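# What the coordinates show
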Amino acid sequence: MSLLEILHYPDPRLRTVAAPVKIFDQALKQFCDNLLETMYAAPGIGLAATQVNVHQQIISVDVSEKQDSPHLLVNPTLTLHGAQYAGEEGCLSVPGIYEPVSRAERITVSAANPLGETVSFEAEGLLAICIQHEYDHLQGKLFVDYLSGLKRNRIRKKLQKQKK
Ligand code: GNR
Ligand code: NI
């Protein structure tokens, strides 16, 4: 296994729209393991392939405290349910920034696992928030896009100043 480099906002590669995975082979399984390991090492509760500059529809999520409940979701589709609910979000690609974002409080997820088998489940709470956040990454979207232009510009300038 190996750790992957995480891109930081405003890197334009974070805006790439991911393509569906068509081939479920050993290379995909290997990448999924690396994505999960990179997420745990960060540490984060989710990571999208887009963030490590791989533009395929793959996300890893684990919101458990013991980091023992991983979900690896390939080609996910979401159905949103329930009310909108604002929770504080952060992002490994936008380090040090935390802002409330309004999301659906419940979702139904359909996806493939790394073996190509169909999985489908309902999620709520932090898991639902995290999967919506990761799904956005696959569309080239970041949580800062939900903030005002003024806030987003401040964040962009702050992160540009930090990097050398
Ligand atoms: O580690 C993460 N924490 C988090 C907290 C609230 C809402 C979303 C997230 S996802 C984030 C990791 C990340 O950037 N995934 O794309
Ligand atoms: Ni993120």
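Before any of the text, the structure's been laid out above.
The structure contained in this document is the topic of the report that follows. (Residues numbered from 1 in each chain as written. Chains lettered and ligands numbered in written order. Predicted model: local features only at pLDDT ≥ 70, side-chain atom pairs only at ≥ 80, totals over all residues. Heavy atoms only, no water.)

## Describing the nonpolar core
Generally speaking, a soluble globular protein has its nonpolar side chains buried in company with each other. Selection rule: Buried residues of nine kinds, namely Ala, Val, Leu, Ile, Met, Phe, Trp, Tyr and Cys, make up a nonpolar core once their side-chain atoms join them within 4.5 Å. Burial here depends on accessible area, computed with a 1.4 Å probe over protein chains only, as a share of the maximum for the residue type. Under 20% is buried, over 50% is exposed, and the range in between is partly exposed. Secondary structure elements are taken from DSSP: a helix is a run of H or I of four residues or more, a strand is a run of E of two residues or more, and numbering for both begins at the N terminus. By definition, residues are in contact when any of their heavy atoms lie within 4.5 Å.
Ile 59, Leu 73, Ile 107, Val 109, Phe 121 and Ile 131 are the most contacted members of the largest nonpolar core, which has 16 residues in total. Listing elements by their share of this core, those giving two or more residues are β2 (58-61), β3 (71-91), β4 (94-112), β5 (118-124) and α2 (125-138). At five residues, α2 tops the list of elements feeding residues into this core. The residues touching Leu 73, leaving out its near neighbours within four places in the chain, are Gln 57, Ile 58, Ile 59, Val 109, Ala 111, Ala 112, Val 119, Phe 121 and Ile 131.

## A word on the coordination of the nickel ion (ligand 2)
This is how the line gets drawn: The donor set covers N, O and S atoms within 2.8 Å of the metal, switching to 3.2 Å for Na, K and Ca, and it leaves out water, so a site may look short of donors.
The nickel ion (ligand 2) binds to the protein through Cys 91 (SG), His 133 (NE2) and His 137 (NE2); the donor distances cover 2.1 to 2.3 Å. Here the donor residues of the nickel ion (ligand 2) share one chain and are spaced in sequence as C-x41-H-x3-H. Residue Cys 91 is located in strand β3, and its partner His 133 is located in helix α2; the two are separated by 42 residues in the primary sequence. Of the residues examined, Cys 91 reaches a relative accessible area of 9% and is grouped as buried. A relative accessible area of 7% places His 133 in the buried class.

## Regarding the environment of Lys 157
Topologically, Lys 157 is positioned in helix α3 (residues 149-162). For Lys 157 and Pro 10, which are 147 residues apart along the polypeptide, the C-alpha to C-alpha distance reads 9.2 Å.

## Let's talk about the site of ligand 1
We apply this condition: Nearness is defined per residue: one heavy atom within 4 Å of the molecule or strand is enough. Polar contacts here mean pairs of N or O atoms no more than 3.5 Å apart (in protein, one a potential hydrogen donor and the other a potential acceptor; neighbouring residues in sequence count only if both atoms are side-chain atoms). Method for areas: the Shrake-Rupley scheme with a 1.4 Å probe, in which residue coverage is limited to the protein chains shown.
Close to ligand 1 lie 13 residues, the nearest being Ile 45, Gln 51, Leu 92, Glu 134 and His 137. At 2.8 Å from an oxygen atom of ligand 1 is found a side-chain nitrogen or oxygen belonging to Gln 51. Within the side chain of His 133, a nitrogen or oxygen atom sits 3.2 Å from an oxygen atom of ligand 1. Summarising the interface, the protein chains cover 89% of the accessible area of ligand 1, which totals 380 Å² for the free molecule. Among the elements of the structure, β3 and α2 are those that each provide at least two residues to the shell around ligand 1.

## Overview of the sheet that holds β5
The cut-off we apply is this: Criterion used throughout: strands pair if DSSP finds at least two bridges between them. What counts as an axis is a line fitted to C-alpha atoms, over the stretch in contact for a helix, and the angles between N-to-C directions run from 0 to 180 degrees.
In space, the five strands of this open sheet follow the order β1-β2-β3-β4-β5, with antiparallel pairing throughout. Strands with a single pairing partner mark the edges of an open sheet, and in this sheet they are β1 (46-48) and β5. Taken pair by pair, the neighbouring strands of this sheet meet at an average axis angle of 45°, ignoring direction. Both β1 and β2 contribute to a ladder of three bridges, which runs antiparallel. Within β2, the position partnered with Gly 46 by the bridge is Val 61. Sheet strands touched by helix α1 (residues 26-41): β1, β2 and β3. Its angle to β2, the strand with the most contacts, is close to 40°. Docked against the sheet, α2 engages β1, β2, β3, β4 and β5, running at close to 115° with respect to β3.

Without other data, these values stay purely geometric and don't point to any function.
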